[in-house]
Amino acid sequence: MTDVELRQLRYFVAVAEELNFGRAADRLLIAGPSLSQQIKALERDLGVRLFDRDRRSVALTPAGAALLPHTRALLERADDLRRRAGRLAGSEAVRLGYVNWLPADLTSRTAGVAQVHVDAWVAPSHTQAARVADGSLDLAVCWVRDADLNRHGLRARLLGADRLYAVSTGTDTGDVRARDTTVLLDDDTNSWSSWNDYAEQLAHDTGAQSVPISDGGITGPAFFDHVRRSRRPVVNSPKGQTTSLPSDLVRREIAEPSVHWTWSLVWRGSETRTAVLAAVDALCDGVGDLGLRAPDAWLPEGDPHR
């Protein structure tokens, strides 16, 4: 039991409530394969199998059903302890905005240094960066370039990264070269300004084909329709990283180069409040390079983590 983490127990409860790894991963804002690995690690550490699962269904085992109420009670006590500690420490409130991804353990990482309140307004990267600059937020998790940081007077540290993949028709699941992919550009620049900048640079640097669209098909069912009509694999955006694919489509890793999207934690360069700066350190210390230093990794020009 010494290796069991509260994070893994929260994952167990989410899967038990959803009885679907894809939905649970979306709810937890993590990748499906990572969730599956964490559940397997928890089962190994506990010495019992928690779920019976195959390609079509997920069900609690008798052991999983018996442990579920005790796990919920344990997590409630842990949350209560965290709240009490925060009140005793007099932690200062810190407002944080995001686009579509946050670390699953954000609260546990920052509990000892600040009361981080996640803003309910989920907005595009360029909007969230501007909100930090104007003081509406203290921190934001978003995609930025050096030019954005300079224009708004912000600083950034690496918090997360996605290796983007392509979605294709057919049965070939092998790697596809970046120059043999298609990348979509949406004419709704209010929503997709950051993605369009990224995608245009990707096409320029790798030879990928850029295709303008006007139906919001960067994500969701419309994206899958674009894939079905395309003769080439289509690059999936960061907002679609954890979305389950329809049965008639396949995932293909992008190679030559491998294509990465970064998530920065940004704050005002003039920030002096201890709680905000401590939250930055608590979230970003130990993150590592997340594969961005690999010889074949691609990041667009101006990415602060390039």
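In this report, we go over the structure that sits alongside the text. (Residues numbered from 1 in each chain as written. Predicted model: local features only at pLDDT ≥ 70, side-chain atom pairs only at ≥ 80, totals over all residues. Heavy atoms only, no water.)

1. Here's the deal with the nonpolar core
- Counting residues in hydrophobic clusters, the biggest one holds 58 residues, and the most contacted among them are L96, L139, V141, W195, Y198, L265 and V266.
- Residue contacts for V266: discarding those within four places in its chain leaves V132, D138, L139, A140, C142, V144, L149, L154, R155 and A156.
- Core analysis: the next-biggest nonpolar cluster, separate from the first, contains 21 residues, L9, Y11, A14 and F21 among them. (Core = buried A, V, L, I, M, F, W, Y, C linked by side-chain atoms within 4.5 Å. Buried < 20%, exposed > 50% of the residue type's maximum accessible area, 1.4 Å probe, protein only. Contact = heavy atoms within 4.5 Å.)

2. So, the pairing of strand β13 (residues 258-268)
- Most of β13 sits inside the fold, with 11 of its 11 residues counted as buried.
- Where strand β5 (residues 139-142) lies against β13, three bridges are found, and the strand directions are antiparallel. In the sheet register, V141 faces β13, and the bridge partner there is L265.
- Direction of pairing for strand β6 (residues 154-163) relative to β13: antiparallel, over a ladder of nine bridges. Note on β13: the bridge partner recorded for D162 is W261.
- Summarising the sheet, β13 and strand β14 (residues 297-298) pair through two bridges and their orientation is parallel. The residue bridging S258 from the neighbouring strand is A297, located in β14. (Helix = DSSP H or I, 4+ residues; strand = E, 2+ residues; numbered from the N terminus. Pairing = 2+ DSSP bridges.)

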